[in-house]
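# Observations on the three-dimensional arrangement
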Amino acid sequence: MSSSIDDPGHGHSPAAWTAVVIMLVAVTLGTIFYWFDLPILVWASAGLLVVGLIVGWALAKAGYGVNGSKYTPKAH
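Read on for a plain summary of the structure. (Residues numbered from 1 in each chain as written. Predicted model: local features only at pLDDT ≥ 70, side-chain atom pairs only at ≥ 80, totals over all residues. Heavy atoms only, no water.)

## Brief notes about helix H1 (residues 14-35)
For an α-helix the count is 3.6 residues per turn, leaving residues at separations of three or four pointing the same way. Over its 22 residues, H1 extends 32 Å from the first C-alpha to the last, a length consistent with the 32 Å expected when each residue adds 1.5 Å. Regarding H1, the residues found buried are Ala-15, Ala-19, Ala-26, Gly-30 and Phe-33. When H1 is viewed along its axis, its buried side chains cluster within an angular range of 70° and face the same direction. Away from its buried face, by an angle of more than 90 degrees, H1 presents the exposed residues Trp-17, Leu-24 and Trp-35. Buried residues in H1 make contact with helix H2 (39-64). Looking one or two residues past H1, Asp-37 carries a phi angle of roughly 55°, positive in sign. (Helix = DSSP H or I, 4+ residues; strand = E, 2+ residues; numbered from the N terminus. Expected span 1.5 Å × (residues − 1). Buried < 20%, exposed > 50% of the residue type's maximum accessible area, 1.4 Å probe, protein only. Arc of directions from axis to C-beta. Contact = heavy atoms within 4.5 Å.)

Shown next, in the form of C-alpha cells:
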C-alpha cells in the first residue's frame, strides 16, 4: 500500500533511542530491585526513569530529534 502522507519518523532519532534505552534500563533495574526488596534502589531507578525523559527532551531540543537540525533520516 502506498500513501501520500509522509512518514513522521516515529521517533527513529538519537534523542528517542537514547531516552528509550535509559528508561528500559531504569525499569529493568527497578523490577530487579523490587524483587530483591531494595526500596532505596527502586526509588533510584524511578529517578533514572525521569533522567531518561529529561535526556530525551534535552537531545531533541539540541537538534537530535526527528525534525532536528543535527538529525539526518536514514532510508529503510
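From this point on, the discussion continues.
## Concerning unusual backbone geometry
The backbone of Asp-37 sits at a positive phi, close to 55°, despite the residue not being glycine. Mapped onto the fold, Asp-37 is located in the loop between H1 and H2. Assessed through its relative accessible area of 62%, Asp-37 is described here as exposed.

By themselves, these figures tell us nothing about what the structure is for.
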